[in-house]
Amino acid sequence: MIPLIFILILFSFLQEAFLPFNLVLLILVSRSFVVTEKENYYLAFIFGLVLSFLAGYPLGSLSIIYLIIVLVIHIFRRFQFVTHPLILIPVAAVSLLADQLARALMLGSNINLGQIPVQIILIIPIYFMVLLWEERFIVHKDIKLKVNSK
């Protein structure tokens with residue numbers, strides 16, 4: 001979890017300084033699809049605060065948006081047809097549109113629909129990187145090694 005936090009901090013600074021993409025939201029959406037844990041809510045809240053601070057928005061505004069998006073994805077994950085990874089594309093599109101619309105309504109920023117197709121294309125590699133990270137490098141507590149002693 002700590003390396004993920006450092007990666008999200010790095011992407012938060014890159015996102016606000018150089019990149020026009022919402023990489024933190026893409027990583028949070030991908031992780032919410034891969035892992036349904038309560039840590040996703042903590043990550044959404046904390047990095048909403050970090051991005052609000054870095055962008056100069058009122059503190060907590062992006063946290064509310066990110067928490068609602070993660071909550072909707074966790075509810076959506078309970079349906080049976082969500083097992084295929086390509087369902088992530090329309091969910092990411094709706095999440096990005098909701099983020100843009102909420103920023104426009106709450107914060108008075110402009111809606112930029114030109115960035116959304118590029119972010120939708122970016123969601124697939126980000127999803128597979130998060131999936132690889134969670135499957136290969138995260139140790140789960142319920143897995144134990146059995147050793148036969150004779």
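In the block above lies the structure referred to throughout.
Computed from a predicted model, the values in this text were never measured in an experiment.

What counts, and at which threshold
Residues numbered from 1 in each chain as written. Predicted model: local features only at pLDDT ≥ 70, side-chain atom pairs only at ≥ 80, totals over all residues. Heavy atoms only, no water. Helix = DSSP H or I, 4+ residues; strand = E, 2+ residues; numbered from the N terminus. Buried < 20%, exposed > 50% of the residue type's maximum accessible area, 1.4 Å probe, protein only. Contact = heavy atoms within 4.5 Å. Areas by Shrake-Rupley, 256 points an atom, 1.4 Å probe, with all protein chains shown as cover. Lys, Arg positive; Asp, Glu negative; His and termini not counted. Charge placed at Lys NZ, Arg CZ, Asp CG, Glu CD. Polar contact = N/O pair within 3.5 Å; in protein donor to acceptor, adjacent residues only side chain to side chain. Phe/Tyr/Trp six-rings, centres within 6.5 Å; stacked < 30°, edge-to-face > 60°. Axes fitted to C-alpha atoms, helices over the stretch in contact; angles between N-to-C directions. Parallel < 35°, antiparallel > 145°, perpendicular 65-115°, else oblique. Left-handed = near helix turned anticlockwise from the far one by under 90°. Nonpolar A, V, L, I, M, F, W, Y, C, P; charged D, E, K, R; others polar. Expected span 1.5 Å × (residues − 1). Bend = angle between axes of the 7 residues up to and from the residue.

Participant: Which parts of the structure should I look at to understand the overall build of the protein?
Facilitator: Along the protein, the regular secondary structure elements total six helices and zero strands. In the protein, the succession of α and β elements from N to C terminus is α-α-α-α-α-α. Along the first, second and third principal axes, the C-alpha set of the protein runs to 70 × 30 × 25 Å. The 150 residues of the protein split such that 37% are buried. In the protein, the proportion of contacts linking residues at least 24 apart, taken out of those at least 6 apart, comes to 66%. When the accessible surface of the protein is totalled, it reaches about 9,400 Å², and 71% of it is carbon and sulfur. Once the 10 positive and 7 negative side-chain charges of the protein are each reduced to a mean point, those two points are 11 Å apart.

Participant: How should the side chain of Gln-115 be read in this particular structure?
Facilitator: In this structure, Gln-115 sits in the loop between helix H5 (88-107) and helix H6 (116-136). Judged by relative accessible area, Gln-115 falls into the buried class, the value being 17%. There is a polar contact of 3.3 Å between the side chain of Gln-115 and the backbone oxygen of Pro-20. Not counting the four nearest positions on each side in its chain, Gln-115 is found in contact with Pro-20 and Gln-100.

Participant: Looking at this structure, I do not really get the packing of aromatic side chains. What am I missing?
Facilitator: Each pair of aromatic rings is reported with the distance of its centres and the angle of its planes. Under the criterion given, the structure shown has two aromatic pairs. Measuring from ring centre to ring centre gives 5.9 Å for Phe-76 and Phe-79, while their planes differ by 80°; the resulting arrangement is edge-to-face. Overall, the relative accessible area of 45% leaves Phe-79 in the partly exposed class. Summarising the aromatic geometry, the rings of Tyr-127 and Phe-128 are spaced 5.3 Å apart at their centres and angled 70° between planes, so their arrangement reads as edge-to-face. The exposure class assigned to Tyr-127 is buried, which follows from its relative accessible area of 11%.

Participant: Even after reading the chapter, I still don't get the packing of helix H3 (residues 39-55) against helix H4 (residues 61-76), so can you show me in this structure?
Facilitator: Think of two packed helices as two axes; the pair is described by the angle between the axes and how far apart they sit. The interhelical angle for the contact between H3 and H4, taken along N-to-C directions, is 155°, at an axis separation of 7 Å. It follows from the interaxial angle that H3 and H4 lie roughly antiparallel. Between H3 and H4 lies a crossing whose hand is right-handed. For the pair H3 and H4, the contacting residues are Asn-40, Tyr-41, Ala-44, Phe-45, Phe-47, Gly-48, Leu-49, Leu-51 and Ser-52 in the first and Ser-61, Leu-62, Ser-63, Tyr-66, Leu-67, Val-70, Leu-71 and His-74 in the second. Class assignment for the residues of the contact of H3 with H4 results in eleven nonpolar, six polar and no charged.

Participant: It is not clear to me how the packing of H5 against H6 should be interpreted in this structure. Could you clarify?
Facilitator: Contact pair H5 / H6: the axes reach a minimum separation of 9 Å and the direction vectors enclose 130°. Between H5 and H6, the crossing angle belongs to the class labelled oblique. Taken as a pair, H5 and H6 cross one another with a handedness that is right-handed. The segment H5 lies against H6, with Leu-88, Ile-89, Ala-92, Ala-93, Leu-96, Leu-97 and Gln-100 engaging Ile-116, Gln-119, Ile-120, Ile-123, Ile-124 and Tyr-127. Each residue belonging to the contact of H5 with H6 can be placed in one class, and the counts come to eleven nonpolar, two polar and no charged.

Participant: What should I look at first to understand H6 in this one?
Facilitator: Within an α-helix, residues lying three or four positions from one another point in the same direction, as the helix has 3.6 residues per turn. With 21 residues, H6 extends 30 Å from end C-alpha to end C-alpha; this agrees with the ideal 30 Å at 1.5 Å per step. For H6, the principal kink sits at Ile-123 and spans about 30°; a proline, Pro-125, occurs within the next four residues. Residues Ile-116, Gln-119, Ile-120, Ile-123, Ile-126, Tyr-127, Val-130 and Glu-134 constitute the buried set of H6. On its buried face, H6 is in contact with helix H2 (23-34) and H5.

Scope: geometric values only; no functional claims are made or implied.
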